[in-house]
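Take a look at the letters that make up each chain.
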Amino acid sequence: NAGVMQNPRHLVRRRGQEARLRCSPMKGHSHVYWYRQLPEEGLKFMVYLQKENIIDESGMPKERFSAEFPKEGPSILRIQQVVRGDSAAYFCASSLRTDYGYTFGSGTRLTVV
Amino acid sequence: ILNVEQSPQSLHVQEGDSTNFTCSFPSSNFYALHWYRWETAKSPEALFVMTLNGDEKKKGRISATLNTKEGYSYLYIKGSQPEDSATYLCAFRGDSGAGSYQLTFGKGTKLSVIP
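Residues numbered from 1 in each chain as written. Chains lettered and ligands numbered in written order. Predicted model: local features only at pLDDT ≥ 70, side-chain atom pairs only at ≥ 80, totals over all residues. Heavy atoms only, no water.

In this section: the sheet that holds strand E1 (residues 5-7) of chain A. Residues and elements named next belong to chain A. Spatially, E1-E3-E8-E7 is the arrangement adopted by the four strands of the open sheet, whose pairing is antiparallel. If you trace the sheet from one side to the other, it starts and ends with E1 and strand E7 (65-68), each paired once. Averaged over all pairs of adjacent strands, the angle between their axes in this sheet comes to 15°, without regard to strand direction. Here E1 runs beside strand E3 (residues 19-24); their pairing, made up of three bridges, is antiparallel. Its bridge partner lying in E3, Met5 is registered against Ser24. (Pairing = 2+ DSSP bridges. Helix = DSSP H or I, 4+ residues; strand = E, 2+ residues; numbered from the N terminus. Axes fitted to C-alpha atoms, helices over the stretch in contact; angles between N-to-C directions.)

Let's shift gears to the interface of chain B and chain A. Note: interface size is frequently given as the accessible area lost on complex formation between the parts. On the side of chain A, 21 residues touch chain B, which itself brings 17 residues to the contact. Taken together, the two surfaces of chain B and chain A that pack against each other cover about 1,600 Å², and 58% of this comes from carbon and sulfur. Broken down residue by residue, the surface that chain B buries against chain A is led by Trp38, Tyr101 and Phe105 of chain B, which jointly contribute 33%. One can count zero salt bridges joining chain B with chain A. (Contact = heavy atoms within 4.5 Å. Buried area = accessible area lost by both parts, 1.4 Å probe. Salt bridge = Lys/Arg side-chain N within 4 Å of Asp/Glu carboxyl O.)

All names here are of chain B. Pairing within the open sheet is antiparallel, and its five strands lie in the order E1-E3-E8-E7-E6. Here the strands that pair on one side only, and so sit at the sheet edges, are strand E1 (5-7) and strand E6 (56-59). Adjacent strand axes in the sheet meet at a mean angle of 15° when their direction is disregarded. Where E1 lies against strand E3 (residues 19-24), three bridges are found, and the strand directions are antiparallel. Across the sheet, the residue bridging to Ser7 is Thr22, located in E3.

Structure below.
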């Protein structure tokens, strides 16, 4: 039972580049959530997905950010044209049901230089 | 904007001491309250999901209570051990509208247990 796998653990991008963060949920979990932790801040909700569907993306910035959870493969959080303010730790979590506790991944630490 | 407050921000206790900390959340539109333990360099780990007013949950030496009418939850650790050192997060889930799948996290209480 590998848990929630996120990769890469650390990602460095220059301003204007694209960042792609991957998340493989726990086996059997169909609910995936992305949270962001900015420096000195708590975890903030970004998006909730089920297989092939975005259920709630109200926490996502309107531009440059997108997420998907295809039928096959991991969930992807994509940030286009990164800016310094995107530097943060991005955590993925999954759950068996929405009313269960979440299993979190180890996070991807994005640094924009 | 939902406000989830945790206190204290940090806490140092001696090994063997019992301790508790507080999570305050909105008392309306309540659906669930989550507690997580987050050790340095690891992922947050689910401790409890609480849904009913008056709920009490226990896992080993850690227990939690819930008061949805007044909007608070307490986390208790009995006989603290160095391995309990971690940041303890609570997260509120409301029951209404588009935000009903979101968890709103507090900033956590950082516990350090001194051997």
